[in-house]
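Read off the chains here:
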Amino acid sequence: MTFRFSTEGTEFQFLSNQAIRLVLPRVDDPYGPARSFSLSSSPSERGLIAVTAKMTGSPYKEGLKYLRPGERVLVMGPLGDLLFNPDRPAVFIAGGIGVTPFRGMLRFAADTGATQPIRLLYSARVPEEFAFREELDALVKAHPQFRVHYTVTRPQESQERWRGRTGRIDIPWIRKVSGELRRPKFYVVGLPEMASETVQRLKSEMGIPEEDLEYEYFGGY
Ligand SMILES: Cc1cc2nc3c(=O)[nH]c(=O)nc-3n(C[C@H](O)[C@H](O)[C@H](O)COP(=O)(O)OP(=O)(O)OC[C@H]3O[C@@H](n4cnc5c(N)ncnc54)[C@H](O)[C@@H]3O)c2cc1C
C-alpha cells in the first residue's frame, strides 16, 4: 500500500531517492512507533512524499493503514545515501518491496527529461506482488530508454497465470539485460540476504567496482 503525505508548510526536502523514518502518532507496537522506509515518490513530485509498505499485519502497519486523512506524522530524515545519478546508464535490481526507491528514481528520470538508458530487473514471489506494475509499464511505453524486466520466483503459488520469466535474478540474466549499456551504474535494493548476495556476485563475477554500485538493504522483516 502506498501512503502519501503532504509536505506543505514544512521544510522537508530529499534527493532521489533517499529514505525516512516514519513515526506514527499513536500505535501500540512491541517494536515501537517508527519504521524506516525508502521514499517511493520523486523530488519532482512537489509538495508530497510517499512511502509504499508491504502490509504484514503488524500493529505498526495496521496503524499506518488506519491513519485518518489530515492526521500528522513525524518524519525523520532524509536518511541514507542511495543516490541516483541520472547522467549515467543504470541497472536497477529490485527484490520484492525493494522496488520502492526505483519507482521514485524512474519518476525522477522521466520528470527531469533524463535521457540515459535504465533497466529495472524486478523479482517477486508471485506476480500479484509486483507493486506499481501498471505505472512501470506506462513509464516504459512513454520513455523508450527505460525497460522493465519481471521475474517470478514462486509461480506455482500464483493465482494469476504467469507467462513471463521465472527464477531468481542471477548474474547471467543481469549480463544479458545490461549487456548493451556503456559502463552502467548498478543499484541493488531488497531484503538483506538477497541484496547482499547480489552485490557480492556483481563484484566477484562481473568485476563491478564499488564506485559503480549503490545498494540499500531493507532490514526489519
Ligand atoms: C533503509 C530501509 C528502507 C526500507 N524501506 C522499506 C519500504 O520502502 N517498504 C517497506 O515495506 N519496508 C521497508 N523497510 C523495512 C521496514 O522498515 C520494516 O522493518 C518492515 O516493513 C517490517 O515492519 P513490520 O512492522 O511489518 O514488521 P515487524 O515484524 O513488526 O518488525 C518491525 C521492527 O521490529 C524489529 N523486530 C522484529 N522482530 C524482532 C525481534 N525478535 N527482536 C527485536 N526486534 C525485532 C525489526 O527489526 C523491525 O525494525 C525498510 C528498511 C530499511 C532499513
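Our subject is the structure listed above.
Residues numbered from 1 in each chain as written. Predicted model: local features only at pLDDT ≥ 70, side-chain atom pairs only at ≥ 80, totals over all residues.

## Comments concerning the sheet that holds strand β3 (residues 34-38)
Strand order in the open sheet formed by 3 strands is β3-β2-β5, with antiparallel pairing between adjacent strands. The outermost strands of the open sheet, each flanked by one partner alone, are β3 and β5 (74-79). Across the sheet, the mean angle separating the axes of adjacent strands is 20 degrees when strand polarity is ignored. In this sheet, β5 lies alongside strand β2 (residues 19-23) in antiparallel orientation, the contact comprising 4 bridges. Across the sheet, the residue bridging to L22 is V75, located in β5. (Pairing = 2+ DSSP bridges. Helix = DSSP H or I, 4+ residues; strand = E, 2+ residues; numbered from the N terminus. Axes fitted to C-alpha atoms, helices over the stretch in contact; angles between N-to-C directions.)

## Focus on the site of the ligand
Of all residues adjacent to the ligand, which total 22 residues, the nearest are Y31, T56, S58, T100 and G220. Looking at the shell around the ligand, the elements that each hand over two or more residues are β3, β4 (48-52) and α1 (59-65). Per-element tally for the shell around the ligand: the top contributor is β3, with 4 residues. The residues that make up the shell around the ligand include at least three from each of domain 1 (2-79) and domain 2 (90-217). (Near = placed C-beta within 6 Å. Domains from an automatic or database assignment.)

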